[in-house]
Amino acid sequence: MTIRFNDETFRDDYSFSNSQRAKDRFPFPFHEDSYMYSINMEQHQGGPADSIYEKRFDVDEHYLAEMRDRALVLADDPLRCQSLPHMALAGWDLLELIMVSKSEDYPELFELHRDGSKWHWINKPMGIEDHFIFMDETTLPYAPMEYITRQTQGDFCVLDQREDNLWMDAGMVTTQADWSLDFDIGMNFFEWHAPVPLAHEKGIFKRALKFLLSIQQGAPARRLNWTMTVNPLLDTSPENYHKWGVQKNSLTPENIGSKQHLRVELQTFFRLPRSNGLVFPIRCYLMSFQDIMSKPKWGRRLHRVVRDLPEELATYKGFIDKRPMMLDFLAQYDDGLPTSFGVWPDDHSEPSLQK
Amino acid sequence: MINWVRRTATVAGWPDAHVHHEEFLAPQPGKPFAVRLAKSGLSLEVGEDESLLEAIERLGVDPPYLCRGGACGQCETDVLESDGTFIHRDHWLEDGEKSSGKKIMPCVSRFDGKILVLDR
Ligand code: HEM
Ligand code: FES
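Rules used throughout
Per chain, residues are indexed from 1 in the order of the written sequence. The lettering of chains begins at A and the numbering of ligands begins at 1, in the order of writing. Local features are withheld for residues below a pLDDT of 70 in this predicted model, meaning they are given only at 70 or higher, and side-chain atom pairs are given and counted only at 80 or more; totals for whole chains, interfaces and linings count all residues. Hydrogens and water molecules were not included; the side-chain quantities draw on all heavy atoms of the structure. The way it works is that DSSP assigns letters per residue, a run of H or I at least four long becomes a helix, a run of E at least two long becomes a strand, and they are numbered from the N terminus. Summary of the burial criterion: residues with accessible area below 20% of their type's maximum are buried, those above 50% are exposed, and those between are partly exposed, where the area comes from a 1.4 Å probe applied to protein chains only. Note on definitions: a residue-residue contact is assigned when non-hydrogen atoms from the two residues lie within 4.5 Å. For two strands to count as paired, DSSP must find a minimum of two bridges between them. Helix axes are fitted only over the stretch in contact, all axes being lines through C-alpha atoms; the angle between N-to-C directions runs from 0 to 180 degrees. Note on donors: an N, O or S atom is included if it sits within 2.8 Å of the metal, or within 3.2 Å for Na, K and Ca, and water is never included, so sites can look incomplete. To estimate how far a helix should extend, the number of its residues minus one is multiplied by 1.5 Å. Note on aromatic contacts: the rings of Phe and Tyr and the six-membered ring of Trp form a pair at centre separations within 6.5 Å, being stacked when their planes are under 30 degrees apart, edge-to-face when over 60 apart, and tilted otherwise. Any Lys NZ or Arg CZ found within 6 Å of a ring centre and within 35 degrees of that ring's normal is scored as a charge over the ring. For each residue, the test is whether any non-hydrogen atom lies within 4 Å of the molecule or strand; if one does, the residue is near. Whenever two N or O atoms come within 3.5 Å, that pair is a polar contact, provided that in protein one can donate a hydrogen and the other can accept it, and provided that, for residues adjacent in sequence, both atoms are side-chain atoms. Here, a salt bridge means any Lys or Arg side-chain nitrogen found within 4 Å of an Asp or Glu carboxyl oxygen.

Undergrad: Help me out: how do you make sense of the overall build of chain B in this one?
TA: When helices and strands are tallied, chain B shows three helices and five strands. Secondary structure elements of chain B, listed N to C terminal, follow the sequence α-β-β-α-β-α-β-β. Relative to its full complement of 120 residues, chain B shows a buried share of 38%. Within chain B, contacts between residues at least 6 apart in sequence are counted, and of these 54% link residues at least 24 apart.

Undergrad: Would you take a moment to explain the sheet that holds strand β5 (residues 128-133) of chain A for this structure?
TA: Sheet strands associate in pairs through backbone hydrogen bonding, adopting either a parallel or an antiparallel arrangement. Residues and elements named next belong to chain A. Read across the open sheet, the three strands follow the order β3-β4-β5; overall the sheet is antiparallel. Among the strands making up the open sheet, the edge pair consists of β3 (110-115) and β5. The sheet shows a mean angle of 10° between the axes of neighbouring strands, taken without regard to direction. Bridging between β3 and strand β4 (residues 118-123) involves six bridges; their strand directions are antiparallel.

Undergrad: How should the pairing of strand β2 (residues 42-46) of chain B be read in this particular structure?
TA: On any regular strand, side chains alternate: one points to one face of the sheet, the next to the other face. Residues and elements named next belong to chain B. Across five bridges, the pairing between strand β1 (residues 33-37) and β2 is antiparallel. Bridged to R36 within β2 is S43. Linking two consecutive strands that pair antiparallel, namely β1 and β2, is a turn of four residues; a positive phi of about 65° is found at G41 within it.

Undergrad: What should I look at first to understand the coordination of the iron atom of ligand 1 in this one?
TA: Each pair of donors in an ideal four-coordinate tetrahedral metal site encloses 109.5 degrees, whereas pairs in an ideal six-coordinate octahedral site enclose 90 or 180 degrees. Among protein residues, the single donor to the iron atom of ligand 1 is H193(A) (NE2), with a metal-donor distance of 2.1 Å. Along the chain, H193(A) turns up in the loop between α6 (189-192) and α7 (204-213).

Undergrad: Can you walk me through the sheet that holds β2(B) in this structure?
TA: Residues and elements named next belong to chain B. Strand order in the open sheet formed by five strands is β2-β1-β5-β3-β4, and the pairing between neighbours is mixed. Looking along the sheet, the strands with just one partner apiece sit at the ends: β2 and β4 (103-104). In the sheet, β1 pairs with strand β5 (residues 110-118) via two bridges, with the strands oriented parallel. Note that in β5 the partner of L37 across the bridge is L118.

Undergrad: When you look at helix α11 (residues 296-308) of chain A in this model, what are you seeing that I'm missing?
TA: Because each turn of an α-helix spans 3.6 residues, side chains separated by three or four positions end up pointing in the same direction. All names here are of chain A. The end-to-end C-alpha separation of α11 is 19 Å, in line with the 18 Å expected for 13 residues at 1.5 Å each. Of all 13 residues making up α11, 10 are buried, and the element is well covered by its neighbours. All of the buried residues along α11 are K297, W298, G299, R300, R301, L302, H303, R304, V305 and V306. In this structure, the buried residues of α11 make contact with α1 (20-24), β8 (221-230), β9 (260-271), β10 (278-288), α10 (289-292) and α13 (323-331).

Undergrad: Got a minute to help me understand the packing of aromatic side chains in this structure?
TA: Here a ring pair, both rings aromatic, is described through the centre-centre distance and the interplanar angle of the planes. Summed over the entire model, instances satisfying the criterion amount to 28 aromatic pairs over all chains. Where Y35(A) meets Y37(A), the ring centres are 6.2 Å apart and the plane angle is 85°; that geometry is what we call edge-to-face. A relative accessible area of 14% means that Y35(A) is categorised as buried. Classification of Y37(A) by relative accessible area gives buried; the value is 10%. Ring pairs connect the aromatic residues F26(A), F28(A), F30(A), Y35(A), Y37(A), W226(A), W298(A) and F319(A), which therefore count as one cluster. Over the ring of W119(A) we find R114(A), and its NZ or CZ is 5.2 Å from the ring centre. In this structure, R207(A) is placed above the aromatic ring of W92(B), and the distance from its NZ or CZ to the ring centre is 4.4 Å.

Undergrad: Hey, could you run me through the site of ligand 1 in this one?
TA: Residues and elements named next belong to chain A. Taken together, the neighbourhood of ligand 1 is formed by 24 residues, with Y37, W192, H193, Y316 and K317 sitting nearest. In the environment of ligand 1, an oxygen atom lies 2.4 Å from a nitrogen or oxygen atom belonging to the side chain of Y37. Taking N225, its side chain carries an N or O atom lying 3.3 Å from an oxygen atom of ligand 1. Elements represented by at least two residues in the shell around ligand 1 include exactly β6 (155-162), β7 (165-172), α6, α7 and β8.

Undergrad: Teacher, can you tell me more about the environment of A71(B) here?
TA: Note that A71(B) resides in the loop between α2 (52-58) and β3 (77-87). For A71(B), a relative accessible area of 0% corresponds to the buried category. Distance in space between the C-alpha atoms of A71(B) and R58(B) is 22 Å, their sequence separation being 13 residues. In contact with A71(B), not counting residues within four places along its chain, are I39(A), R207(A), F211(A) and W92(B).

Undergrad: Would you take a moment to explain the pattern of salt bridges for this structure?
TA: A side chain of one charge can pair with a side chain of the opposite charge when the charged atoms of the two come close. Counting across every chain of the model gives 37 salt bridges over all chains. D58(A) is paired through a salt bridge with R25(A); the nearest N and O atoms lie 2.9 Å apart. Residue D58(A) is located in the loop between β1 (42-43) and α2 (63-76), and its partner R25(A) is located in the loop between α1 and β1; the two are separated by 33 residues in the primary sequence. R58(B) is the salt-bridge partner of E50(B), the closest N and O atoms lying 2.7 Å from each other. Of the residues examined, E50(B) reaches a relative accessible area of 15% and is grouped as buried. A relative accessible area of 49% means that R58(B) is categorised as partly exposed. Connected through salt bridges with shared partners, the residues R25(A), D58(A), D60(A) and R283(A) form a single ionic network.

Undergrad: Explanation requested: the environment of L66(B) in the structure shown.
TA: Within the element layout of this structure, L66(B) appears in the loop between α2 and β3. For the pair L66(B) and C107(B), spaced 41 residues apart in sequence, the C-alpha to C-alpha distance is 9.4 Å. When near neighbours in sequence (up to four residues on either side) are disregarded, L66(B) contacts I39(A), N40(A), M41(A), E42(A), Q43(A), C72(B) and Q74(B).

What follows is the structure, given as structure tokens:
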């Protein structure tokens, strides 16, 4: 599969768009007509051909544009990338994990040649080629975590594991859904999850943490999370809320189909071999309401999920005020027919809209 | 074994964070045991190196699962009859459920005894 990288933006003129392939492989997150938090974790060992689950780190048509956007965010706010002093080893672990995975999974795009500690990395799409000494930071233009995450889509939290807990002690976070690395740095699993409604009471975090603590090397796991974003913005950070928060008020019944995006995060969990840390990549996929409506099953279902979502979740995800306008739009695509189980669009078996 | 290493290390004064251990997501081995699946009308022996969930799948039964690590709750299975000891290794069941002998999480837990009949 040769990928044609889009020339597009996630700011200003928002020229971001999804090709037919990107629409077909969008990770629609609802396997049934309603949604509630659950321990929705499974093993990350591949998936259907050409799906976003197939490779360890999915590279798609948005790669170069996302990396340009990350560089702009970092130039404005260097605190989006932080690493406490004891996390240097985990940074090398992460660099190795990504270089090995990408060069094996996308040999036509990435190459890694290793001769002892002398490493040679080639990133063809970005036009990067570096020779460096593994574990010698002075031989790279950035510290290892920053170096490799400037070349990899998605945010990264690098967690230290101690006292039977996970600690957010490093990260590269420029495409987040309204949370801040600078605020969360040094916090543990329960502390950074404190703002999430309902999930603590349901025992979700207690059980999820036990699962994460036992993830072993070579056996990564994954889950999906989702929220709503007005305009195809990657950087919806608290730091820049004054810039993007007001854009929610630009929604009108006429433009909501193209402006309102469902934002889905593919979250994966990998054990790091030397540091025994855990890395948590958060990969963001955006799709406009109007593109989602091109799949009849997703159209029917999105209406029902948004309509019936508990108020606490709609508030936490930041769209409670716009829910009525969303529902007016979405209702046009729901004819009341039943939907098939599972997340896949089932384009060939689901009936087209009956109204 | 792992517990022994950790205890010894603690006694020897090593800080916990420097003693890495992994609770394997892949099935932990254990003594083989026999199971009857009431709904499917099948009997099977769970081998040393496979989980109860894998053994059930091996017979062509398609039980629910998601995480395969004892956390998500999807594989929760009712026990209809048992004579023996449960080796619960999951993070899902409440303590009361574990001691009741009425539930098991086949992705990680095992059994040691004569009779185990599941509602599968
Ligand atoms: C170590 C890995 C993880 C990290 C670093 C992480 C980080 C975060 C952060 C920073 C937030 C935003 C909190 C805020 O509002 O400030 C969040 C939200 C959340 N997390 Fe995690 N998380 C991790 C693993 C998990 C797991 C395993 C689960 C559940 C099975 C989970 C469930 C959730 C849920 C339900 C939310 C609310 C999301 C929403 O409604 O949009 N997280 N997480
Ligand atoms: S499959 Fe998740 S608890 Fe067994």
